Amino acid sequence: MKLTWKQYDLHLKHTFRISRSASDVAKVIIVQFEHNGIIGYGEASPTKRYGESVETIPQFLQKIDFSRFDSPLQLEDILNYADAIEQGNTSAKCAVDLALHDWMGKKLNIPLYQLWGLNPAKSAKSSFTIAIDSKEVVEQKVREAEEFPILKVKVGADNDEEMINTIRKITDKVLYVDANEGWKDKHLALERIKWLKDQNVEFVEQPMPSAQLDDIKWLRDKSDLPLIADESVLRLQEIPKLAGAFDGINIKLMKCTGLREAMRMINTARALNMKIMMGCMIETAVGISAGAHLGPLLDYADLDGNVLISDDPFDGVRNIKGELKLNNNPGLGVSLKD
Ligand code: MG
């Protein structure tokens, strides 16, 4: 069993600006797990907020000793072991989880959705993200996104109303709104949500900072729109304490260590009567395809990370007008382009 990795710099079609940061390039690590002539691919897209970078990922990966295990099919044992090596490192752990799942699917010669008994035709449609920008750029982006039936709009800077008004002048399609913790005051947040309700918005993601959970509880009692946790929820253990503060959770493979834990989060959130969204970072078709295999279990999908880049090195799931089209190839169904 051998794990190797390589860094890729992904270029954004437009500068990607949210309430706390902006970027033109996303650096990711693609891993290859090889055993008995079968290669499994995985991906780590690190986020500074969660303490990771393209420097920390290799440091973590080289600590994993696969010689302790007889077969990659002992996925449960291998992932438990890797998780226990060190706290955090969730996207690095995710890369290993995806590569082992891809390897297993290839070994069994079936796509992952089949392994889980899922019908990919029943997948939630993906939204397309409009990041924070000037009126002119937002107009251009909304027109470019004409084929996508659902838009996810980033707010939480100082131009919320302008962002929404600009979009609503062009289209009446469904909008998801993501404040990325941008509203620091609960009264301001409530005012914004009341206004957004009148703009035909479906839900609001992470209205306030994760540290202000009591304020978010207060807000949820008064809010006319469902609230979805993103920055407030990384992994499985955090879900129960969020049940009174949010109506749903946004699961991201890069935050939660991969498909194995994502599946557990889905089941846990369902038991607590919470909605399930799956989001992503800026990722190649490797990470996005992995999320898409869980598509039939989601209420909302926001799996557009590879649509936002101009130079995806991989083929995999295709996003056709927001529909996530998986192929019949085994495992994740991804392949490196020539
Ligand atoms: Mg979000």
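Calculation criteria
Residues numbered from 1 in each chain as written. Predicted model: local features only at pLDDT ≥ 70, side-chain atom pairs only at ≥ 80, totals over all residues. Heavy atoms only, no water. Salt bridge = Lys/Arg side-chain N within 4 Å of Asp/Glu carboxyl O. Buried < 20%, exposed > 50% of the residue type's maximum accessible area, 1.4 Å probe, protein only. Donors = N, O, S within 2.8 Å, 3.2 Å for Na, K, Ca; no water. Helix = DSSP H or I, 4+ residues; strand = E, 2+ residues; numbered from the N terminus. Pairing = 2+ DSSP bridges. Contact = heavy atoms within 4.5 Å. Axes fitted to C-alpha atoms, helices over the stretch in contact; angles between N-to-C directions.

Q: Residue-level account of the pattern of salt bridges, with values.
A: Two side chains bearing opposite charge may form a pair once their charged atoms approach each other closely. Under the counting rule described, the total for this entry stands at 21 salt bridges. Linking lysine 325 and glutamate 323 is a salt bridge whose minimum nitrogen-to-oxygen distance equals 3.3 Å. Look at lysine 325 and you get partly exposed, because its relative accessible area is 36%. Salt bridges sharing partners connect three or more residues here, namely Lys152, Lys154, Asp178, Glu205 and Asp302.

Q: Could you give me a rundown of the coordination of the magnesium ion, with the residues and numbers involved?
A: Those donors, Asp178 (OD), Glu205 (OE) and Asp230 (OD), are the protein atoms that reach the magnesium ion, and they lie 2.1 to 2.2 Å from it. Counting along the primary sequence, the residues that act as donors to the magnesium ion give the motif D-x26-E-x24-D. Pair noted here: aspartate 178 is in strand E6 (residues 174-178) and aspartate 230 is in the loop between strand E8 (227-229) and helix H9 (239-242), with a separation of 52 residues, a long-range link. With respect to burial, aspartate 178 and aspartate 230 carry one shared label: buried.

Q: I'd like a rundown of the pairing of strand E9 (residues 248-252), residues and numbers included.
A: Within E9, five of the five residues are buried, which leaves it mostly tucked inside the rest of the structure. Across the two faces of E9 the burial is the same, with Gly248, Asn250 and Lys252 and Ile249 and Ile251 all buried. Note that E8 and E9 share two bridges and pair parallel. Counted as the bridge partner of isoleucine 228 is glycine 248 from E9.

Q: Break down helix H6 (residues 160-170) for me, with residues and values.
A: Every buried residue of H6 is listed here: Asp160, Met163, Ile164, Thr166, Ile167 and Arg168. The inward-facing, buried residues of H6 abut strand E4 (128-130), helix H5 (135-144), strand E5 (150-154), E6 and helix H7 (186-197).

Q: Let's hear about the sheet that holds strand E2 (residues 22-35): which residues, and what values?
A: Overall, antiparallel pairing links the three strands, which are arranged E1-E2-E3 in an open sheet. The sheet terminates laterally at strand E1 (2-17) and strand E3 (38-44), the two strands that pair on one side only. When strand polarity is set aside, the average angle formed by the axes of neighbouring strands in this sheet is 25°. Pairing of E2 with E3, which is carried by seven bridges, proceeds in the antiparallel orientation.

This is a description of form; function is not addressed.
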